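Working through the structure, step by step
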Amino acid sequence: QVKMLTLADGQQIPQEGFGLYKVHGQETMNQAISDAYAAGYRLFDTAQLYKNETEVGVALHRLSVPRDQFFVTTKIAETNQGYQRTIASFKESLRKLQLDVVNLLLIHWPTEKCFFDTWRALEDLKQAGLTRSIGVSNYQMIHLQYLATQAHEMPVLNQIERHPLLNQAPLVKFDHDHQIITQAWSPLGRGKILDNPVLTQIAQVHGKSTAQVILRWHLQTGIAFIPKSIHTTRIRQNLDIYDFRLTDDEMARIDQLNSFHRFGKEPALVYEYNQKW
Ligand code: A2P
């Protein structure tokens with residue numbers, strides 16, 4: 001039932017995916033991935049930084065489903081940026097994941113060092129057929145504009161922290177206007193906003209959990225999102241959001257919860273870019 005979105009390069013991506021940040025231990029990984037697949041998730045999101053690509057590879061291998069039945073994203077860690085390191089570390093990621101090709105490769109965080117070199121490596125890895133699509137994560141408008149000055153092709157996706165306390169409306173619009181799909185990480189605010197009274201009230205009206213209300217809000221905004229859970233009931237619950245609809249008024253009330261609160265770190269400052277640019 002998960003809707004597919006079409007990226008600017010023509011590839012398809014499930015709108016709702018499964019986040020693997022902080023999923024550790026082979027047993028836990030096997031259970032989470034097999035529960036998620038059985039529930040209907042087809043996108044699995046990992047990163048070099050998560051230090052779990054090997055476990056993800058084993059768990060996917062155990063699933064034993066055709067390669068075209070699942071979508072894998074990984075990300076180049078800040079410490080692996082630069083042309084050569086990006087290429088070498090990504091090949092290591094492929095080996096750990098036991099894959100010949102990933103669906104999506106992202107630069108995990110914008111950094112001043114190697115800003116264009118790392119992107120050039122991603123363009124070349126795509127050309128070489130080792131990743132189907134390329135994108136970025138945690139880029140703000142200024143980073144995307146700066147990248148546009150030298151990129152041969154632009155990112156098709158920008159994965160950013162987004163939840164009701166940080167709705168990122170201007171960046172979501174900017175991405176959209178530039179054919180970049182926004183994908184929300186920590187869509188549930190790391191699970192720390194589930195007792196918010198506005199969300200609780202809306203949840204009661206629909207007979208849903210606050211987590212389901214938040215995910216439905218992401219869905220109706222039209223962006224992609226990747227909730228994480230290691231609990232079977234929650235893994236299923238987070239996909240059970242396709243049988244109700246938030247009203248315009250409820251969407252607006254959730255939008256109004258925006259308080260610019262980040263649970264993750266702030267993307268790198270851009271003063272240096274401005275100076276060089
Ligand atoms: P757990 O993995 O123990 O289920 P985010 O995706 O925003 O980072 O949020 C992930 C956090 O939210 C995790 O701590 C996860 O805990 C928790 N979580 C995920 N889904 C639900 C849910 N449906 N109800 C309550 N907590 C949830």
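The text that follows walks through the structure, step by step, so that each part is easy to find.

Criteria and cut-off values
Residues numbered from 1 in each chain as written. Predicted model: local features only at pLDDT ≥ 70, side-chain atom pairs only at ≥ 80, totals over all residues. Helix = DSSP H or I, 4+ residues; strand = E, 2+ residues; numbered from the N terminus. Rg over C-alpha atoms; globule rule 2.2 N^0.38 Å. Buried ≥ 20, exposed ≤ 12 C-beta atoms within 10 Å, placed from the backbone. Contact = placed C-beta atoms within 7 Å. Near = placed C-beta within 6 Å. Nonpolar A, V, L, I, M, F, W, Y, C, P; charged D, E, K, R; others polar. Pairing = 2+ DSSP bridges. Right-handed = clockwise from strand over helix to strand, strands pointing away.

Moving on to the overall build of the protein chain. Broken down by element type, the protein chain carries eleven helices and ten strands. Compactness check: the protein chain gives a C-alpha radius of gyration of 18 Å against a globular reference of 19 Å for 277 residues, within 12% of the reference. In terms of overall dimensions, the protein chain has C-alpha extents of about 55 × 45 × 30 Å along its principal axes. Here the protein chain holds 277 residues, and the buried ones make up 44% of them. Counting contacts in the protein chain only where the partners sit at least 6 residues apart, residues at least 24 apart contribute 76% of the total.

Another point: the site of the ligand. Near the ligand, the surroundings consist of 18 residues, among which S186, L188, G191, A211 and S229 are the closest. Taken together, the residues of the shell around the ligand break down into six nonpolar, nine polar and three charged.

Attention now goes to the sheet that holds strand β5 (residues 71-76). Spatially, eight strands are ordered β3-β4-β5-β6-β7-β8-β9-β10 in an open sheet, and the strand pairing comes out parallel. This sheet does not close on itself; its edge strands, each paired only once, are β3 (18-19) and β10 (224-225). With five bridges joining them, strand β6 (residues 102-107) and strand β7 (residues 131-137) adopt parallel strand pairing. For L104, the partnering residue across the bridge sits in β7 and is S133.

Let's shift gears to the environment of D124. Among the structural elements, D124 can be located in helix α4 (residues 115-127). It is 9.7 Å that separates the C-alpha atoms of D124 and Y83, two residues lying 41 residues apart in sequence.

All right, on to unusual backbone geometry then. Positive phi is not limited to glycine here, since S64 has a value of about 60 degrees. By secondary structure assignment, the location of S64 is in the loop between α2 (53-63) and β5. Since 6 C-beta atoms lie within 10 Å of it, S64 is described here as exposed. In the Ramachandran plot, Q179 falls in the positive-phi region, its phi being about 55 degrees despite a non-glycine side chain.

Here we take up the pairing of strand β8 (residues 157-161). In terms of burial, β8 is largely enclosed, as five of its five residues are buried. Looking at chain direction, β7 and β8 are connected through two bridges and run parallel. Considered in β8, the bridge of S137 is made with Q159. Between the parallel elements β7 and β8, the chain passes through helix α5 (residues 141-148) in a crossover that is right-handed.

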